[in-house]
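Summary of the model geometry
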Amino acid sequence: MKKASKRTKQSKPTIGREWRKIFVFGVFTFIAIAIIIRALYLQYYMTDFLLEQGDNRFIRHVKNPAIRGTIFDRNNEPIALSTEVRSIWIDPSILSQNLHELPKLSYFLQRPEEEIRQLVLTRQKSRFYWLKRQLPPHEARALMAQKIPGVYDQVEYKRYYPDAEITSHILGFTDIDDDGIEGVELAYQDWLKGKGTSTRILKDAKGRVIERKEIIDQENYRESKDLTLTIDRRIQISAYRALKSGMIKHKATAGSVVVADMRTGDILAMVNQPAGNPNRLQDRRATLLKNRAITDIFEPGSTMKPFVVAAGLESGKWRPNSVVKTGRGGY
C-alpha cells in the first residue's frame, strides 16, 4: 500500500508539466495561425491600399508644363516670350529632421530662419510645399549645390515682355502659373498654352532619386502654339512715343492711338496712356493696363467727324481753312 501511494504522488508533477507544455504549445500555435491569417489578409485584401501608401511615401509625380507659345508681330519679332526659371519646393517630413540646414536656406532665399523653421514644423506630415517660386536659374543652382535633404527644384517658365508698357494694353499678362489673365494672353489661352507631361520620380527612404520616368498623357497632351499678330512693332513704338509726347504737351490724363491699314483693316498699332510695365507685379493694375481704345465708349458723331473732313479734303471742295456750316441756327 505504501509503494502505490508513492507512485501516485510522483505522477502529479508529471501531469502538471505536460499541461504546461500543451498550453505553451497552444499559445505559440495560436500566434502562428494569427500571423499567417494576418499575412494572407494583407497580401490578398489590402494589396492596393498598401501599394498606394508606399507610393505616397516614395513616388512623386512632378508636372512638366508645356512652354507657352511665343507671340510675334507681323515681322516675326517676339513681343512676348517665356523664359526658364526654377521654383524651390520642400518635403517638410524630411526637412524637419534636418533643421540644422535651415541657415543655408535662409541665406540663399533671403527669408528669416525662424519663419522657415515654423513653416516646416507646422507641416511635418506634409510631403510638398512651395518655398520660393520663379527664382533665376543661377540662384537655384547655387542653392541646390548645397544638397540640403528635403529641398528640391522644378523647372518652370515666366512670361517676359521685351517692350514692357509699349505693348502692355494689347498683350495683357500671365499669372505665376503662366496662365493668361488679360488681353491677348487671355483671349488665346488655349492656343498659347498646351498640356504638358509629368515625371514619375522614385526615391529611397533618404529622399535620394532612384528613377525618373517621363509620362505622357496621350489623351490630354497638347503642344503649345505660337501666335502672330498684325501689330508692327516699329509702328507700335513710334505711336507710343507720339502719344506720350502729346500727353505731356497737352497735359492730358489719358489718350489712345490706333493705326490701321486702310486697305486690309489690319491693326498696325494700338497704344494707350497711362500704361504700366507687365514685367513688374506692382504695375499690374487696371488703371494702368486698361485698353481704352477698345473698352471706352465714344460718341458716334465725334468718331465720324475725321472721316467726313477727310472725304471733303479729298474731294477738293474743302480746304484746311474752309468754314463748314453745320446748322441753321437750331440745335
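Here the structure is a predicted model, which is why all the values come from computation and not from measurement.

1. A word on the overall build of the protein
Per the secondary structure count, the protein includes 13 helices and ten strands. Across the protein, contacts joining residues at least 24 apart in sequence account for 68% of those joining residues at least 6 apart.

2. Overview of the environment of Ile237
Note that Ile237 resides in helix α10 (residues 233–250). By relative accessible area, which is 16% here, Ile237 ends up buried. With 71 residues separating them in the primary sequence, Ile237 and Ile166 have C-alpha atoms 6.5 Å apart.

3. With respect to the pairing of strand β10 (residues 267–273)
Of all seven residues that make up β10, six are buried, and the element is covered over most of its length. From the end of strand β9 (residues 255–260) to the start of β10, which pair antiparallel, there are six residues, and Gly265 there has a positive phi angle of about 85°.

4. Digging into the environment of Pro274
With respect to the helices and strands, Pro274 occurs in the loop between β10 and α11 (286–289). Residue classification places Pro274 among the partly exposed positions, given a relative accessible area of 24%. If we ignore the near neighbours within four places in the chain, the residues touching Pro274 are His169, Thr253, Ala254, Thr287, Leu288 and Arg292.

5. A look at the pattern of salt bridges
Side chains carrying opposite charge are able to pair once their charged atoms draw close together. All chains considered together, the criterion is met by 20 salt bridges. In this structure, the salt-bridge partner of Arg133 is Asp177, at a minimum N-O distance of 3.0 Å. With Arg133 in strand β4 (residues 129–135) and Asp177 in the loop between α7 (168–171) and α8 (183–187), the pair connects residues that are 44 residues apart, well separated along the chain. Across the pair Arg280 and Asp283 runs a salt bridge whose closest N-O atoms are separated by 2.7 Å. For Asp283, a relative accessible area of 10% gives the class buried. Through salt bridges with shared partners, one network takes in Arg68, Arg159 and Glu185.

6. Focus: the nonpolar core
One finds Ile88, Ile90, Leu95, Leu105, Leu131 and Val151 to be the most contacted residues of the largest nonpolar core, which totals 15 residues. The contacts of Leu131, once residues within four sequence positions are left out, are Ile88, Trp89, Ile90, Leu105, Leu109, Arg111 and Leu119. In this structure, Ile79, Ala80, Leu171 and Leu227 belong to the second largest nonpolar core, which totals 14 residues.

7. Some details on the packing of aromatic side chains
The description of an aromatic ring pair rests on the distance of the ring centres and on the angle between the ring planes. Taken as a whole and assessed by the stated rule, the structure comprises four aromatic pairs. Following the ring pairs from residue to residue traces out a cluster consisting of Trp89, Phe128, Trp130 and Tyr152. Lying over the aromatic face of Trp130, Arg133 brings its terminal NZ or CZ to 4.4 Å of the ring centre. Cation over ring: Lys225 sits above Trp191, and NZ or CZ is 4.4 Å from the ring centre.

8. Overview of helix α4 (residues 102–109)
All of the buried residues in α4 are Leu102, Leu105, Ser106 and Leu109. Buried residues of α4 fall within an arc of 100° about the axis and therefore sit on the same side. Downstream of α4 by one or two residues, Gln110 has phi in the positive range, about 55°.

9. Focus on the side chain of Asp163
Tracing the backbone through its elements, the reader meets Asp163 in the loop between β5 (151–160) and α7. Given the relative accessible area of 8%, Asp163 is considered buried. Among the polar contacts made by the side chain of Asp163, one reaches the side chain of Arg233 at a distance of 2.7 Å.

10. Looking at the side chain of Lys193
Along the chain, Lys193 turns up in the loop between α9 (189–192) and β6 (197–203). Classification of Lys193 by relative accessible area gives buried; the value is 16%. A polar side-chain atom of Lys193 sits 2.8 Å from a polar atom in the side chain of Asp179. Excluding residues that lie within four positions of it along the chain, Lys193 makes contacts with Arg68, Asp177, Asp178, Asp179, Arg222 and Ser224.

11. What about the packing of α4 against helix α5 (residues 113–121)?
At a minimum axis separation of 9 Å, α4 and α5 run at an interaxial angle of 120°. Between α4 and α5, the crossing angle belongs to the class labelled oblique. Where α4 crosses over α5, the handedness of that crossing is right-handed. Residues Leu102, Pro103, Leu105 and Ser106 of α4 touch α5, and the partners they reach there are Glu113, Ile116 and Arg117.

Conventions used here
Residues numbered from 1 in each chain as written. Predicted model: local features only at pLDDT ≥ 70, side-chain atom pairs only at ≥ 80, totals over all residues. Heavy atoms only, no water. Helix = DSSP H or I, 4+ residues; strand = E, 2+ residues; numbered from the N terminus. Contact = heavy atoms within 4.5 Å. Buried < 20%, exposed > 50% of the residue type's maximum accessible area, 1.4 Å probe, protein only. Pairing = 2+ DSSP bridges. Salt bridge = Lys/Arg side-chain N within 4 Å of Asp/Glu carboxyl O. Core = buried A, V, L, I, M, F, W, Y, C linked by side-chain atoms within 4.5 Å. Phe/Tyr/Trp six-rings, centres within 6.5 Å; stacked < 30°, edge-to-face > 60°. Lys NZ or Arg CZ within 6 Å of the ring centre and 35° of its normal. Arc of directions from axis to C-beta. Polar contact = N/O pair within 3.5 Å; in protein donor to acceptor, adjacent residues only side chain to side chain. Axes fitted to C-alpha atoms, helices over the stretch in contact; angles between N-to-C directions. Parallel < 35°, antiparallel > 145°, perpendicular 65-115°, else oblique. Left-handed = near helix turned anticlockwise from the far one by under 90°.

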